[in-house]
Every structure is written in structure tokens, then in C-alpha cells.
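Examination of the molecular architecture
Below are the chains, spelled out letter by letter.
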Amino acid sequence: MVDFTLSENDREILESVAAEAKAGEKYARYYDEHEDEVLPKAFPEARTFPSLLERIRRRPGDDTPPFIMQMLIKLEREAHNSVPLRQAPAALGNAALNAAGTTEQKAQWGHLMLAMSITEPGAGSDTKAIQTAATLDGVQWVLNGDKIFVTNGVRCAGTIVWATVSKSAGRGGIKSFLVLKGTPGFELVRKERKLGLRSSDTAAYAFRDCRVPRDHLIGGDESVPRGEGEGSASYKGVLKTFNTTRPTVAAGGIGKALGAFRHARDRLAEEGVVVDWDEGRRDRSSAEQTLLELEADIEAASLMVLRAAWLASRGKPNNLEASVAKAKGGEVCRSGPQRAMEVLGAMSLSHDHPVEQYLRDGRITDIYEGTGQIQRLVIARAILGYSSAELT
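Since the model is a prediction, treat every value here as computed from it, not as a measurement.

To continue, consider the overall build of the chain. The number of helices and strands found in the chain is 12 helices and seven strands. Rg of the C-alpha trace for the chain: 22 Å, near the compact-globule value of 21 Å for 392 residues, within the 12% margin. Structurally, the chain occupies a C-alpha span of about 75 × 50 × 45 Å along its principal axes. Taking all 392 residues of the chain together, the buried fraction comes to 49%. Considering only residue pairs separated by 6 or more positions, the chain has 74% of its internal contacts joining residues 24 or more positions apart. The centroid of the 51 positive side-chain charges in the chain is displaced by 5 Å from the centroid of its 53 negative side-chain charges.

So, on to the packing of aromatic side chains. The final tally for this structure, using the stated rule, is eight aromatic pairs. With a centroid separation of 4.9 Å and 20° between ring planes, the pair formed by F186 and F207 is classed as stacked. Here F186, found in strand β6 (residues 186-191), pairs with F207, found in strand β7 (residues 202-213); they are 21 residues apart in sequence, far enough to count as distant. A single burial state applies to F186 and to F207, both of which are buried. Among the aromatic side chains, those forming a connected cluster through ring pairs are Y27, Y30, Y31 and F43.

In this section: the packing of helix α8 (residues 242-270) against helix α10 (residues 319-344). Relative to each other, α8 and α10 sit at 20°, their axes nearing to 8 Å. Relative to α10, the element α8 lies roughly parallel. Crossing handedness for the pair α8 and α10: left-handed. Of the residues contributing to the contact of α8 with α10, the split by class is 17 nonpolar, seven polar and four charged.

What follows is about the pairing of strand β3 (residues 140-151). Taken residue by residue, a regular strand's side chains alternate between the two faces of the sheet. Sheet topology places strand β2 (residues 133-137) next to β3; five bridges connect them, and they run antiparallel. Looking at the pairing, D137 lines up with Q140 of β3. Between β2 and β3, which pair antiparallel and follow one another directly, the connecting turn spans two residues, one of which, G138, has a positive phi of 70°. Two elements, β3 and β7, share nine bridges in a ladder whose sense is antiparallel. Considered in β7, the bridge of V150 is made with A203.

Taken as a whole and judged by the stated rule, the model has 30 salt bridges. Across the pair D32 and R29 runs a salt bridge, and its minimum N-O distance is 3.2 Å. On the criterion of helical spacing, the pair formed by D32 and R29 is a turn pair, its members being three residues apart in helix α2 (residues 28-33). The burial state of D32 is the same as that of R29; both residues are buried. Linking R267 and E270 is a salt bridge whose minimum nitrogen-to-oxygen distance equals 2.7 Å. Of the two residues, R267 and E270 both sit in helix α8, three residues apart, roughly one turn of that helix. For E270, a relative accessible area of 56% gives the class exposed. The structure contains a network of salt bridges with shared partners spanning R29, D32, R198, E356 and R360.

Calculation notes
Residues numbered from 1 in each chain as written. Predicted model: local features only at pLDDT ≥ 70, side-chain atom pairs only at ≥ 80, totals over all residues. Heavy atoms only, no water. Helix = DSSP H or I, 4+ residues; strand = E, 2+ residues; numbered from the N terminus. Rg over C-alpha atoms; globule rule 2.2 N^0.38 Å. Buried < 20%, exposed > 50% of the residue type's maximum accessible area, 1.4 Å probe, protein only. Contact = heavy atoms within 4.5 Å. Lys, Arg positive; Asp, Glu negative; His and termini not counted. Charge placed at Lys NZ, Arg CZ, Asp CG, Glu CD. Phe/Tyr/Trp six-rings, centres within 6.5 Å; stacked < 30°, edge-to-face > 60°. Axes fitted to C-alpha atoms, helices over the stretch in contact; angles between N-to-C directions. Parallel < 35°, antiparallel > 145°, perpendicular 65-115°, else oblique. Left-handed = near helix turned anticlockwise from the far one by under 90°. Nonpolar A, V, L, I, M, F, W, Y, C, P; charged D, E, K, R; others polar. Pairing = 2+ DSSP bridges. Salt bridge = Lys/Arg side-chain N within 4 Å of Asp/Glu carboxyl O.

Here it is in C-alpha cells:
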């Protein structure tokens, strides 16, 4: 039975997370306005709070599954529109390495922070359109191409690069390679300038005759499958990463909507506008009804995220549920802050209030890790039993 009841210990952990996120709020606007700067590994206030990783490790084995706790922590952190007091030691590339790397590769590179380089100027959600090429030359792979919007691309020690070894094979030719910073031919072109999430170091890369050892192919399988719907083992292995990262991304976007909702609710309460759930719709004001519907949408989206996480924590397939969570989270991250702005009025447009930043920071949730349109395709294929060739 699905049960999201939290123990007293887990409630205390989430309260500590909320307090830590609250302490980081004072840095949010500074780094929003100083996008060229990279966050330090830790802020002075971090010493005030115990290590979350240590607290998680000490939790009893029969407590809330770690992946579900990860979603709840993400929701609470992002609801405070803050920057983290401590920078995470791992990134998306680490999840890809864990999902598809060999035992030797995990042992060699697992301790490094690794980014993931997928998106290109001409290829985003359609991964078969990737142009970055990898050519085998003796005992080395030679990479050529460009990547954009690489999260943690400045601070990372290396990146997992998606490249094609055979364009004619489509997805079957897509492989992933580990490229470390400092490798000749690997250039960090720029730190991207963005609408939101400006405190996140997002980079653009160029690979020009970049040579990496043959064993840097993630998973080690050099075969190129042929045929409709085929994808390489490396491609499929890394793709499974999204079944865990998509709920996490959705939780972050929902958290932005939650923060905007809380701000709007509290500001309206100061003016005497308080939602009464027991009243009928005809007895509520438009502002009260908007807040009520927004809260319901946030709760529904959060439960979808937790459902996907619950399945993953039990080792069950969650491809459909992960896409449902991502699609709903992407919708709420767009509409939630906007509805909060509508009830707050013109004040919400000002930099003196956080809602406009919630709107900008949350907007990306519906785009990266697969757009909302892509998620709906995945959902439709899963429900109807269609292949990608039959439903695109």
C-alpha cells in the first residue's frame, strides 16, 4: 500500500531543510542579478545547520524511502526561492554514470561531480537529431560538436557527452562518453545567460578533435544496433536516468509554485482575505477561489511526483509515472506563479517581491529533461501501446 506518512524524525529533517532554505533566501536576489558569478561551495550560514547527508544516512531502514524524502526535500527547498547554503557534490552526469557505467567506470569517476551534455543548438528533446560525432581512431574516440545549456557546466570536473557514432543508425548510434575538464579540444565556451535560475552555472561547450581514451565510452558497448526503435545499450542505459531525474525536476518546479502560493496566501491574509474550504464556491471571492484551486493543483502534482518516486524506490517500472509527474509539474510551475501574480496585482511585478522570480525560475521545469509536449507523447505511447514511429 502506498503510504506517505512521515515519522517524527523525517518531519524534523524537513523542518531543518525549510530553516536552511529560509536562511539562503537573502542570497537569492543577489545571484539573480549577478549571473556571471558562481556560487561558493558553502556559505558561512551552512555551519549553523547539520549535514543533511549525514542525517539521511542515520535514518532507520524502515523509515520513508530515501527517494521519496529526496522529493519532499526538493519541494521544500525550492519553495523558498533561495540558493543552497551547500553545493551538492554530484550532478546529472553522476546519475547517468550510475545508471549505465561499468563497475570500473563508477569506481574511477563516481567521486567526481559530472555534468550531462545532451542539448545542442539544433537538437533538444529530439535526441536522434544529435550532431556531435564520435569517431574511433585506434585506442581513442575523437569528439566533434557543440553542446549548450549544460547544468553545473562551470563547476563540474567533467561531463557525460551524448554523441553519435553512426548517424545512419539513428538512436542506435547514440553513445555517451566521459570527458574530463582539461582534455585537449574540450572548451568551456561561456556561462549561459538565462531567463531564470540565474544562480545555476549553466555552460556551453565546444568539442574540436577532442580525444578521449576508448574506455571512456559509458558502459563499454561499442556495438551499433540496427532496426526500428533500436537504441544502443549506452543510450538506453543513460535514458533510464530520466525516470529518476524527471520527478526530481518536477518537484523543483512545483516547489516554485508552492513558494508563490505561500507568498500570495500570506499577503492576502494580511489584508483579511483568507480561504475557507468549508464555504461554497458562490460564497468565495475570485481571489479566494484562485488560491484554493492553486493549492489543489500543487497537491495533485506533488502526489504524482511522490507516486513516481515510490515506484522507483521499490524497483518497479515508473516510466509512465515519471512522465506524468514531469508533465503536471511543468504545467503547475508555469500556471502557479502566474495565478499568484494575478491575485496579488501589480505589486507582484516588482523586484521587491519574490513572485516574479518564482515565475522566471520555475519556467524551465516545463522545458528541460524533456518538454511538456515530449512527456505527453511518452504518456500517450505508454497508454496506447504505440512506438515512437507510430506516434510522434
